[in-house]
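Residues per chain are reported as follows:
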Amino acid sequence: MAITDSTTRNTGGTAASAGHFRIGGDLAVHRMGFGAMRLPAAHWDGPAHDPDRSIAVLRRAVELGVNHIDTAAFYFFADIAANDLIRRALHPYSDDLVIATKVGPGRRPDGSWMDPADPAELRAAVHRNLRELGRDHLDLVYLRFLRSDGPGEDRFATLAALREEGLIRHLGVSNATPQQLAEAQEIAPVAAVQNRFSPLAREHAELVGLCERQGIAYVPYFPFGGAGAPDLEVLRRVADRHGATPAQLTLAWLLGSSPAMVVIPGTSSPAHLEENVAAAGLRLDADDLAELAGLA
């Protein structure tokens, strides 16, 4: 059952309504966060978004209680970069703001993807994020894997060394298999996993459970499947019962699927931001979950 009325769910509420999770045991973040990928442009190949509007979205997100922002140096289009927008919008940063970033395969200035980064390139990528964000350390850095990647021990060891140097507080893995997670954990503690997960993409359900048991944050990318909330009758039907949108229902389902789930929906639209954050106060009951179970 929802714990707020439909007006609150759709137009109000704060990120704190989702509760919090301590990343790495010490970084307390609200489980409703924000992803910066869509700030520069609608897609990797554009069109560009208005930087001033993206800056306004970031500032409004923080006003709404968001204290966990996920970014990457390869989130850019032309000369518009997510890291630059974050710095312009929020620097100097509040003490409770956690900024996570990813390193691994980068993008060239023309937008094309590079091969998986070697240790030297990973070190350079960490320093690039530090410069672009205007920070002396990074709260959380993910090593991003490609499907073709092997174990990656030398690369994760590079990030672990940077952690020992004080440049990184916590480490994570992204797009990782359970085996890659285990291999990373043999080198250094893993505080977060960022893999795909949504009502329609539950292939990592076992990994979600593993993260929950081990106190690791699970941060799903593409919470709407990568192309907006799917237009499915069951989603609309359950959402209507709560006076919510299918997108809000999807976020509520994620938050309810595990206490280790920390969501980072992204947008460059102020209205869409308000809608996403309002989903933090939506609660699904057993009947709702049973009805949605068949979506997988």
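Residues numbered from 1 in each chain as written. Predicted model: local features only at pLDDT ≥ 70, side-chain atom pairs only at ≥ 80, totals over all residues. Heavy atoms only, no water.

Chemist: How should I be thinking about the sheet that holds strand β8 (residues 138-144) in this particular structure?
Modeler: Within a sheet, neighbouring strands are paired by backbone hydrogen bonds and run either parallel or antiparallel to one another. Spatially, β3-β4-β7-β8-β9-β10-β11 is the arrangement adopted by the seven strands of the open sheet, whose pairing is parallel. Across the chains shown, the open sheet's two edge strands, defined by having one partner strand only, are β3 (34-35) and β11 (217-218). Both strand β4 (residues 68-70) and strand β7 (residues 98-103) contribute to a ladder of three bridges, which runs parallel. Its bridge partner being in β7, H68 is matched across the sheet by V98. Contacting β7, β8 and β9 (168-174), helix α5 (residues 153-164) runs over the sheet at an angle of about 160° to β9. (Pairing = 2+ DSSP bridges. Helix = DSSP H or I, 4+ residues; strand = E, 2+ residues; numbered from the N terminus. Contact = heavy atoms within 4.5 Å. Axes fitted to C-alpha atoms, helices over the stretch in contact; angles between N-to-C directions.)

Chemist: Please explain the pattern of salt bridges as it appears in this structure.
Modeler: Here the idea is simple: oppositely charged side chains can pair when their charged atoms come close. Counted by the stated rule, this structure contains 13 salt bridges. The partner of D26 in a salt bridge is R169, with the nearest N and O atoms 3.2 Å apart. On the criterion of sequence distance, the pair formed by D26 in the loop between β1 (20-23) and β2 (27-30) and R169 in strand β9 is long-range, its members being 143 residues apart. Residue classification places D26 among the partly exposed residues on the basis of a relative accessible area of 35%. The exposure class assigned to R169 is partly exposed, which follows from its relative accessible area of 36%. When salt bridges with common partners are traced through the structure, they connect E233, R237, R241, D288 and E291 into a single cluster. (Salt bridge = Lys/Arg side-chain N within 4 Å of Asp/Glu carboxyl O. Buried < 20%, exposed > 50% of the residue type's maximum accessible area, 1.4 Å probe, protein only.)

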